[in-house]
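# Close look at the chain arrangement
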Amino acid sequence: MAQRVVSGSAMKTMSAREAKNAFGLIIDTARAEPVRIEKRGRGVVVVVSVEEYKWLCAQDECTGRTATGGGGGGNARA
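I will try to describe carefully the structure that is included in this document.

## Some points on the pattern of salt bridges
Per the stated rule, a full pass over the model turns up one salt bridge. Of the charged contacts, one joins Glu 38 and Arg 36 as a salt bridge, the two residues approaching to 3.1 Å between their closest N and O atoms.

## A look at the nonpolar core
By size, the foremost hydrophobic cluster in this structure holds six residues: Met 14, Ala 19, Ile 26, Ala 30, Val 35 and Ile 37. Counting residues per element, the ones that place at least two in this core are helix 2 (23–30) and strand 3 (35–39). Apart from the residues within four sequence positions on either side, Ile 26 is in contact with Met 14, Ala 19, Val 35, Ile 37 and Val 47.

## Points about the pairing of strand 3
Pairing geometry for strand 3 and strand 4 (residues 42–47), over five bridges, is antiparallel. Across the sheet, residue Ile 37 finds its bridge partner in strand 4, namely Val 45. If you look at the hairpin formed by strand 3 and strand 4, you'll find two residues sitting between the two strands, and Arg 40 has a positive phi there, around 55°.

## Some thoughts on the side chain of Ser 49
If you trace the backbone, Ser 49 turns up in the loop between strand 4 and helix 3 (50–58). Relative accessible area serves as the criterion here: at 10%, Ser 49 is assigned to the buried category. In terms of polar contacts, Ser 49 uses its side chain to reach the backbone amide nitrogen of Glu 52, at 3.0 Å. Ignoring anything within four residues of it in the chain, the contact list for Ser 49 reads Ala 30 and Arg 31.

## Some details on the environment of Ile 37
Among the secondary structure elements, Ile 37 is positioned in strand 3. Between the C-alpha atoms of Ile 37 and Ile 26, which are 11 residues apart in sequence, the distance is 9.4 Å. Ignoring anything within four residues of it in the chain, the contact list for Ile 37 reads Met 14, Ser 15, Ala 16, Ala 19, Ile 26, Arg 42, Gly 43, Val 44, Val 45 and Val 47.

Here is what the cut-offs are and how they apply
Residues numbered from 1 in each chain as written. Predicted model: local features only at pLDDT ≥ 70, side-chain atom pairs only at ≥ 80, totals over all residues. Heavy atoms only, no water. Salt bridge = Lys/Arg side-chain N within 4 Å of Asp/Glu carboxyl O. Core = buried A, V, L, I, M, F, W, Y, C linked by side-chain atoms within 4.5 Å. Buried < 20%, exposed > 50% of the residue type's maximum accessible area, 1.4 Å probe, protein only. Helix = DSSP H or I, 4+ residues; strand = E, 2+ residues; numbered from the N terminus. Contact = heavy atoms within 4.5 Å. Pairing = 2+ DSSP bridges. Polar contact = N/O pair within 3.5 Å; in protein donor to acceptor, adjacent residues only side chain to side chain.

Structure (C-alpha cells):
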C-alpha cells in the first residue's frame, strides 16, 4: 500500500488489484484513515470507516445520496 498526497493531505492508496487481493487490509486500514483505490492510476473510490461516513453525512456531504451501506451492489451517485 502506497501513501500519496491527495488534495493537500496524505492518503493511503492501493490499486484495484491489490484491493481485491487484500480486502481485509483495506478494512483494517479504513477504520483508521481513508483508503483511495485506483484503476489504471486514476482514483475511483475511497473507502472510509462507518464513523467517518456518518461524520461526513452530518456535515451535509451526503445530501441526496441513496447508498446507505449494507452491501448493496448498485452505483449510487448524487
